[in-house]
Amino acid sequence: MSFKNFFKKEEMKEKPVFGIIGGLGKMGNWFRSFFEKQGFEVLISDKETPLKNVEVVLGSDIIFLSLPFGQIKLVLEEISPFLKKEHLLVEISSVKKPLFSSFKKLNCGVLFCHPLFGPLVPSLKNQIFIFSVFKKNKWIAFLKKIFKREKAKIFEISVSEHDYQMSLIQGLCHFLNLSFVFGKKKV
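Residues numbered from 1 in each chain as written. Predicted model: local features only at pLDDT ≥ 70, side-chain atom pairs only at ≥ 80, totals over all residues. Heavy atoms only, no water.

Engineer: How do you make sense of the pairing of strand S7 (residues 153-156) when you look at a structure like this?
Structural biologist: Both faces of the sheet carry side chains from a regular strand, because those side chains alternate between them. Sheet analysis places strand S6 (residues 128-135) next to S7, joined by 4 bridges and oriented parallel. Each residue of the ladder has a partner; that of Phe131, found in S7, is Glu156. At this point the chain moves from S6, through helix H6 (residues 138-149), to the parallel S7, and the crossover so formed is right-handed. (Pairing = 2+ DSSP bridges. Helix = DSSP H or I, 4+ residues; strand = E, 2+ residues; numbered from the N terminus. Right-handed = clockwise from strand over helix to strand, strands pointing away.)

Given below as structure tokens:
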């Protein structure tokens with residue numbers, strides 16, 4: 001083995017495999033495509049995929065949960081026995097606090113990550129992520145580096161602050177939508 005190949009092999013050890021549970025959904029598919037374009041191996045599971053959730057966990061280093069909020073606890077119960085300290089579990093829903101007790105029991109790193117964009121964005125340039133570290137892990141800095149390299153903006157705040165800000169933002173959005181709908185209605 002040449003000196004040059006030795007360092008390539010060492011680099012490969014630090015190149016994680018990404019797993020996306022809910023990988024056929026719109027955001028799951030966006031993340032799959034993004035990480036594949038970055039040169040990473042990506043495993044996905046969903047209702048109609050050959051791989052199951054546990055297989056994705058066993059084959060991955062960084063696991064994204066791209067699921068409807070109501071399914072997160074059920075999936076956590078299924079995969080938690082297979083999560084190791086070295087894993088990073090990334091949860092991307094818009095509300096975090098109700099999940100605390102479920103995530104507190106896990107033996108792995110946990111990052112609550114909220115992308116403030118949808119699946120139609122062509123790149124991460126100027127897109128915003130909210131990072132709330134729940135349980136530290138070496139892959140968090142790695143993930144941040146990948147997103148920043150693509151010109152994303154990352155804001156780190158506590159989980160409580162995240163949920164408070166999201167309640168204000170979502171409440172305002174709903175209020176504006178209702179105002180437009182009922183404002184056009186003739187009385």
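Engineer: Would you mind going over the pattern of salt bridges with me for this structure?
Structural biologist: Where charged atoms from two side chains of opposite charge come close, those side chains can pair. By the definition in use, this model includes 2 salt bridges. Across the pair Glu36 and Arg32 runs a salt bridge, and its minimum N-O distance is 2.7 Å. Here Arg32 and Glu36 lie together in helix H2 (residues 26-37), a separation of 4 residues that amounts to about one turn. When its relative accessible area of 37% is taken as the criterion, Glu36 is described as partly exposed. Residue class for Arg32 comes out partly exposed when judged on its relative accessible area of 22%. Lys144 is paired through a salt bridge with Glu156; the nearest N and O atoms lie 2.3 Å apart. Of this pair, Lys144 sits in helix H6 while Glu156 sits in strand S7, and the two are 12 residues apart along the sequence. (Salt bridge = Lys/Arg side-chain N within 4 Å of Asp/Glu carboxyl O. Buried < 20%, exposed > 50% of the residue type's maximum accessible area, 1.4 Å probe, protein only.)

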